[in-house]
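The chain contents come next:
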Amino acid sequence: MDADRRDPPDGELVRRMSEGDVSALEELYSRYARAVYSFAVRIVGDGLVAEEILQEAFTRAWQQSGRFELARGSFASWLLSITHNLAIDELRRRQRRPQRASTVDITDVLRGEVDVSADVEEAAEMSELRALIRAAMDQLPAPQQRVIELAYFEGLTQREISATLNEPLGTVKTRMRLAMQKLKDFLGTEEGARH
């Protein structure tokens, strides 16, 4: 947000976390726990399971913090990727499918519930992040948006997406690769412009 912001940036907190600084983990948890929980609930549809995923996501972030590379993306996207993988693993373990993507608005992924104790700056930052994600998704052609939604919100494999859309597997793989590259480029450019 502002250049004179007192809170340390995520990258610095992750660096400190990789050095064993528990207070850095606590700060990142306070910033992103609600978003991670909300994202997990949207995928698994179960609040108790989402709480377990939340704890495991931050445990893995702590354990793997030395592997995080700011140049490859934001901490939020890295953490949500960990969360996504844990949630999909849980669904596959239970042989269940998540909620249909048509019932999920991607802009709600990071919203969570309104926290009355959250300060105005945090609320503004989350709103900005939601708008950034929506803008990134809006840059994708509809077929690329659809494969991302099927993969990330329904937990389908590329082969399952191919069958669902009645499209060749190669087409699905290409759409997925192009969509992910466009999202990475757009979000990386926007993140750089914000700091």
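Asker: Hey, could you run me through the overall build of the chain in this one?
Answerer: Along the backbone of the chain there are 8 helices and 0 strands. Buried residues in the chain amount to 38% of all 195 residues. Excluding contacts between residues fewer than 6 apart, the proportion of contacts in the chain whose partners are at least 24 apart in sequence is 66%. Working note: accessible area of the chain is about 11000 Å², and carbon and sulfur atoms make up 49% of it.

Asker: Please clarify how the packing of aromatic side chains should be interpreted in this entry.
Answerer: Aromatic rings considered in pairs are described by the distance between their centres and by the relative angle of their planes. For the structure on display, the rule yields 5 aromatic pairs. When the centroid spacing of 5.2 Å and the interplanar angle of 50° are considered together, the rings of F68 and W78 count as tilted. Placement of the pair is F68 in the loop between α3 (47–63) and α4 (75–94) and W78 in helix α4, with a sequence separation of 10 residues. Comparing F68 with W78, the two get one shared label, buried. What links up through ring pairs into an aromatic cluster is the set Y32, F68, F75 and W78.

Asker: In this structure, what is going on with the pattern of salt bridges? I would like to understand it.
Answerer: Where charged atoms from two side chains of opposite charge approach closely, those side chains can pair. Here the structure, examined in full by the defined rule, presents 8 salt bridges. The residue R15 makes a salt bridge to E19 at a minimum N-O spacing of 3.2 Å. For E167, the salt bridge is made with R175, and the minimal N-O distance between the two is 3.7 Å. With a relative accessible area of 28%, E167 lands in the partly exposed category. Because the salt bridges share partners, they merge into one network encompassing D10, E27 and R31.

The rules behind each value
Residues numbered from 1 in each chain as written. Predicted model: local features only at pLDDT ≥ 70, side-chain atom pairs only at ≥ 80, totals over all residues. Heavy atoms only, no water. Helix = DSSP H or I, 4+ residues; strand = E, 2+ residues; numbered from the N terminus. Buried < 20%, exposed > 50% of the residue type's maximum accessible area, 1.4 Å probe, protein only. Contact = heavy atoms within 4.5 Å. Areas by Shrake-Rupley, 256 points an atom, 1.4 Å probe, with all protein chains shown as cover. Phe/Tyr/Trp six-rings, centres within 6.5 Å; stacked < 30°, edge-to-face > 60°. Salt bridge = Lys/Arg side-chain N within 4 Å of Asp/Glu carboxyl O.

All quantities given are derived from atomic positions and should not be read as evidence of function.
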